[in-house]
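Next come the chains, spelled out residue by residue.
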Amino acid sequence: MEASLLFVGIVGNVISVLVFASPINTFRRIVRNRSTEDFEPSPYVITLLNSSLWVYYGITKPGGLLIVTVNGVGVVMEAVYVALFLLYAAPPLKAKTAVLVAALDVGFFGAVALVTRLAVHGSSRVVVIGLVCAFLNVLMYGSPLCAMQRSVITRSVEYMPFLLSFFLFLNGGIWTLYAILDKDIFIGIPNGIGFILGTSQLILYMIYMNSEASNLSGESYQESQQQRLIVANNEANIP
């Protein structure tokens, strides 16, 4: 059983790293165009918080090394994504991102760490941290629901990247299996939900990937970028 758990955990680590890396093309696009466009920062801010808390959970729980390693990678990568939002977002979105980071990644994480260290002791500490992590993991998996709603309304998958949906599907499945082997309900419930949501995203992608709206989205995007550049240049020339 321990060998099976280790193997599934290593596979889960690899898939989770791919999940964290899946938005790289999106952020290449953001850096190239020096704009975050209509992308939302909340999934990355929430995932940064989620990864930070899972590192804390893995440190606190005996035998949690595999949880610490993969989420440590996640903390680094999500911090880079959030930093790019703070660098390239328009002022209103930049302010929103900064508020979310201060409230969640600094304030909420600090509060959880402080309370569990000072007020919770023994095995209860693992339970409390696990409950918080499970709740936030559900939010992380649920954060693409806005993109799913937009895809249904616009009949386009422009803002629902395939790789992210695919790796969320794989990630939810492998960590659900890990949770069953390890009998860890805090990992099992949110990843089971993530597996279902990832499946739903893939179904939507298959439905709308060849739609007329998706085929036109690239042209619409180029036009909108040209309009934004014209507006930006005009504003830059205003004394």
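Residues numbered from 1 in each chain as written. Predicted model: local features only at pLDDT ≥ 70, side-chain atom pairs only at ≥ 80, totals over all residues. Heavy atoms only, no water.

**Observations regarding the confidence of the model for the chain**
- Chain-level statistics for the chain give a pLDDT mean of 81 and a share of 82% at 70 or above.
- Ranking the elements of the chain by mean pLDDT puts helix H10 (residues 212–236) last with 41 and helix H5 (residues 91–118) first with 94.
- Counted against residues more than four places away or in other chains, residues 216–239, with its pLDDT under 50, gives twelve contacts. (pLDDT = per-residue confidence, 0-100. Helix = DSSP H or I, 4+ residues; strand = E, 2+ residues; numbered from the N terminus. Contact = heavy atoms within 4.5 Å.)

**What about unusual backbone geometry?**
- One non-glycine residue with positive phi stands out, namely arginine 34, at about 55°.
- Accessibility expressed as a relative area gives 59% for arginine 34, which makes it exposed. (Buried < 20%, exposed > 50% of the residue type's maximum accessible area, 1.4 Å probe, protein only.)

**Let's talk about the packing of helix H8 (residues 162–182) against helix H9 (residues 185–208)**
- As a packed pair, H8 and H9 sit with axes 7 Å apart at the nearest point and diverge in direction by 150°. Classified by the angle between their axes, H8 and H9 sit roughly antiparallel to one another. Regarding H8 and H9, the two cross each other, and that crossing is left-handed. Residues Phe162, Ser165, Phe166, Leu168, Phe169, Asn171, Gly172, Gly173, Trp175, Thr176, Tyr178 and Ala179 of H8 form the contact with H9, whose own contacting residues are Ile187, Gly188, Asn191, Gly192, Gly194, Phe195, Gly198, Thr199, Gln201, Leu202 and Tyr205.
- Considered class by class, the residues forming the contact of H8 with H9 number eleven nonpolar, twelve polar and no charged. (Axes fitted to C-alpha atoms, helices over the stretch in contact; angles between N-to-C directions. Parallel < 35°, antiparallel > 145°, perpendicular 65-115°, else oblique. Left-handed = near helix turned anticlockwise from the far one by under 90°. Nonpolar A, V, L, I, M, F, W, Y, C, P; charged D, E, K, R; others polar.)

**Concerning the packing of aromatic side chains**
- A complete count under the given rule lists ten aromatic pairs for this structure.
- Here phenylalanine 27 and tyrosine 44 contribute two aromatic rings whose centre-to-centre distance is 5.0 Å and whose plane-to-plane angle is 80°, an arrangement assigned as edge-to-face. Of this pair, phenylalanine 27 sits in helix H2 (residues 24–33) while tyrosine 44 sits in helix H3 (residues 42–60), and the two are 17 residues apart along the sequence. Neither phenylalanine 27 nor tyrosine 44 differs from the other in exposure class; each is buried.
- A centroid spacing of 6.4 Å and a plane angle of 80° characterise the contact between tyrosine 57 and phenylalanine 186, whose relative ring orientation is edge-to-face. With tyrosine 57 in helix H3 and phenylalanine 186 in helix H9, this residue pair connects regions lying 129 residues apart in the sequence.
- Residue class for phenylalanine 186 comes out buried when judged on its relative accessible area of 15%.
- A network of ring pairs unites the aromatic residues Phe27, Tyr44, Tyr81 and Phe85 as a single cluster. (Phe/Tyr/Trp six-rings, centres within 6.5 Å; stacked < 30°, edge-to-face > 60°.)

**Re H8**
- Helix length check: H8, at 21 residues, gives a terminal C-alpha distance of 30 Å against a target of 30 Å (1.5 Å per residue), a fit within 8%.
- Among the residues making up H8, those that are buried are Ser165, Phe167, Leu168, Asn171, Gly172, Ile174, Trp175, Thr176, Tyr178 and Ala179.
- Positive backbone phi, approximately 55°, marks lysine 183, located one or two places after H8. (Expected span 1.5 Å × (residues − 1).)

**Overview of the packing of helix H1 (residues 2–21) against H8**
- It is the contact of H1 with H8, at a shortest axis distance of 9 Å, that shows an interaxial angle of 160°. Taken together, the axes of H1 and H8 are roughly antiparallel relative to one another. Between H1 and H8 lies a crossing whose hand is left-handed. Residues Ser4, Leu5, Val8, Gly9, Val11, Gly12, Asn13, Ile15, Ser16, Leu18 and Val19 of H1 lie in contact with H8, whose contacting residues are Leu164, Phe167, Leu168, Leu170, Asn171, Ile174, Trp175, Leu177, Tyr178, Leu181 and Asp182.

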